[in-house]
Amino acid sequence: MSVRYDLWSPYESLVNALGKAADQAGCGDIWTSPPIGSWLQPSENGDVELDGYLHLARWKSRCEHSKLVHILLHAQETILDDRGGPMLLKSNVRVYYYRTDATLLQSVHFDYGKPQAAHPLFHAQVSNVEPSGLSTGEAEELRFGFTAGAAGLTCYRDARIPTSDMTLPSVLLCLAADHLDSDDASQDKRFFREFRDELLRLQDRLPKPSIPSMLDSLKAQSDHLHSSHWFAHMA
Amino acid sequence: MGLRIILFEDNPEPRNKVLEELKSELAGNGEVFPFDLDGGPGRDGVYQDRIESALLADPYKDATLIVSDFDLSASQKYPGLSEQQVRAAANRLAVPECGYARGGKPSSDDFRRLSKQREASIVLDFEPGREKHLAEQAVSVAEGFAFIDGRLPMALNELKRTTPGTLMASILGKPEYADKIALYASGDQDRLVDMKRDDGENDKLYHKRLACALGYWLWDSILRYPGVLVNQVAASSHLNILEDDFSQSDVQALFVGALYGGPFAESGRQQWWRGMLDDIVADGGFSDGSEFASNRLDTKVRPSQCSEEPAIPAGYYCMFSKKPVSLKNSRGGLPWFPRGADLARVSASKMAELGPWL
């Protein structure tokens, strides 16, 4: 299935940059399913759908670097392949944290999509839901050997927490910030900086969310990040 | 300066045949010299040092390429010699080297070749009676290395940020693929050690070594593992076109704009730029190559078939069976696969057979 090269290749570079930084930091492994070149597929209505999994296996925890977690990430995004530049129409990134004994610690999903009333344009929801729809083949490809049914603490899933742009590149950047380097000041967050620099180099080639009302709101009240900005599309 | 090829062959009959074909293939664009394995002064010292000294003198000096038989044991002056010692001497002098074996033994053992990725080597196909084919490949390899050597100074001058990826992309005239090519450097760094300048090394020697390393990297990794470039089977699989249909001239004509024409293109391994194939299909507004070709040719161009389960399309390429394979019936991510080779897989049946050794 064909999607233009300059649309899918920045994602491949981005994920591989994270893999390289994780390798160099001795942070852990990264497995993908399917291969990133197949993450983007044309949809019947002419948009492009991104659908892919990442398994950050045995990644170090930030505070206690000796502690390890497994992180499963499932990204689903919808992109308008506009000649003026690709535009992100929708994004749903689910992040699942597991103990190495295969118990789910928690999951969180980051949403961005069509503006809806009383619905922050970018938001997160914390939950304890196991990944659904992960096939045996995909799990094998991801070296993800956990069985469902070992959910962590009960939590209230309906609270939407407004966030900044937490689409796939931003989620990866946050994971890099949380895990690549220890809190040891002498390390100067070297590996995070390297990944961030690579993301900055790539970000102009990655699809951007369409947020005209939020941008207008920010321009009008740029002295403070008021909560009203999150609902600017309702003005 | 024309090409200069040095031939190591201990058996007079094939030597004469290969020499004749090499001269014919060079067609005035260079010279070929048989390395004297039987006569001449000096029999002291280890083979590697003696060969290295000889290669620094006339008529062998400034060689573009060394072509060597795998088994050189019948040499009178170097009894028991093999291509390995020739390669070691060539590597020290940063002269590209390629080998062949009568009967084609080295290239037939793919498992051995794949697992020996860290050793830079080029193995040419050869069967007795097919000296012309061997000569065609050897001259293409020599031209490829000469091309890289010629383009290197300009590429080094032009680039603001020199990395293996940007350098190779610039030499190939495809700067837009620098990021993808760079992924062929990940996980396979030993091959690229020669790209770093040694302390006090002069420009001439450094460029020679760099050109040699880039050539091996291109041949051994970038051209071998489908990702940035794709061979005939991998191209048809990725485009979702049945290989038989993809080999038809009218179908091939649709994708001619994506044909690879860079170094080693004439070595019998036809390749396409995968990104350009994607763009041809996507710009036409089609979801895969089969739909695109069927529309353009107004005839049914059949979709690809997974070699493990013909009822489903392929999409990928098994490095062992060299057949199209689906994601479902294959496995990727082997340690020695370069990261950029996202279309390279191992089919389920090969995995079952070789899995414990992979």
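Residues numbered from 1 in each chain as written. Chains lettered and ligands numbered in written order. Predicted model: local features only at pLDDT ≥ 70, side-chain atom pairs only at ≥ 80, totals over all residues. Heavy atoms only, no water.

Engineer: Account for the overall build of chain B, with residues named and values stated.
Structural biologist: Along chain B, the regular secondary structure elements total 15 helices and 12 strands. Taken over C-alpha atoms, the radius of gyration comes to 22 Å for chain B, in line with the 21 Å a tight globule of 358 residues would show. A separation threshold of at least 6 residues defines the contact pool for chain B, and within that pool the share at least 24 residues apart is 66%. When the accessible surface of chain B is totalled, it reaches about 15400 Å², and 50% of it is carbon and sulfur. (Helix = DSSP H or I, 4+ residues; strand = E, 2+ residues; numbered from the N terminus. Rg over C-alpha atoms; globule rule 2.2 N^0.38 Å. Contact = heavy atoms within 4.5 Å. Areas by Shrake-Rupley, 256 points an atom, 1.4 Å probe, with all protein chains shown as cover.)

Engineer: Which residues make up the packing of helix H6 (residues 131-158) of chain B against helix H7 (residues 164-171) of chain B, and what values go with them?
Structural biologist: Residue and element names in this part refer to chain B. In the contact formed by H6 and H7, the axes pass within 9 Å of each other and the chain directions differ by 120 degrees. By the angle between their axes, H6 is oblique relative to H7. Crossing hand, H6 versus H7: right-handed. Contacts between H6 and H7 involve Phe147, Ile148, Arg151, Leu152, Ala155, Leu156 and Glu158 from the first element and Leu167, Ser170 and Ile171 from the second. Among the residues making up the contact of H6 with H7, the classes are represented as seven nonpolar, one polar and two charged. (Axes fitted to C-alpha atoms, helices over the stretch in contact; angles between N-to-C directions. Parallel < 35°, antiparallel > 145°, perpendicular 65-115°, else oblique. Left-handed = near helix turned anticlockwise from the far one by under 90°. Nonpolar A, V, L, I, M, F, W, Y, C, P; charged D, E, K, R; others polar.)

Engineer: Could you give an account of the sheet that holds strand E12 (residues 344-347) of chain B, naming the residues involved and the relevant values?
Structural biologist: Residue and element names in this part refer to chain B. The sheet built from four strands is open, its strands ordered E10-E9-E12-E11 with mixed pairing. At either margin of the open sheet sits one strand with a lone partner, and together these are strand E10 (324-326) and strand E11 (330-331). By the bridge criterion, two bridges tie strand E9 (residues 315-318) to E12 in an arrangement that is parallel. Paired with Cys318 across the strands is Arg345, a residue of E12. In the packing of helix H10 (residues 232-239) onto the sheet, contacts are made with E9 and E10, and the angle to E9 comes to roughly 155 degrees. (Pairing = 2+ DSSP bridges.)

Engineer: I'd love a proper account of the packing of H10 of chain B against helix H13 (residues 274-283) of chain B, names of residues and values included.
Structural biologist: Residue and element names in this part refer to chain B. In the contact formed by H10 and H13, the axes pass within 11 Å of each other and the chain directions differ by 30 degrees. Once H10 is placed against H13, the crossing between them reads as right-handed. Contacts from Ala235, His238 and Leu239 of H10 reach H13 at Arg274, Leu277, Asp278 and Val281.

Shape descriptors only; they carry no functional weight alone.
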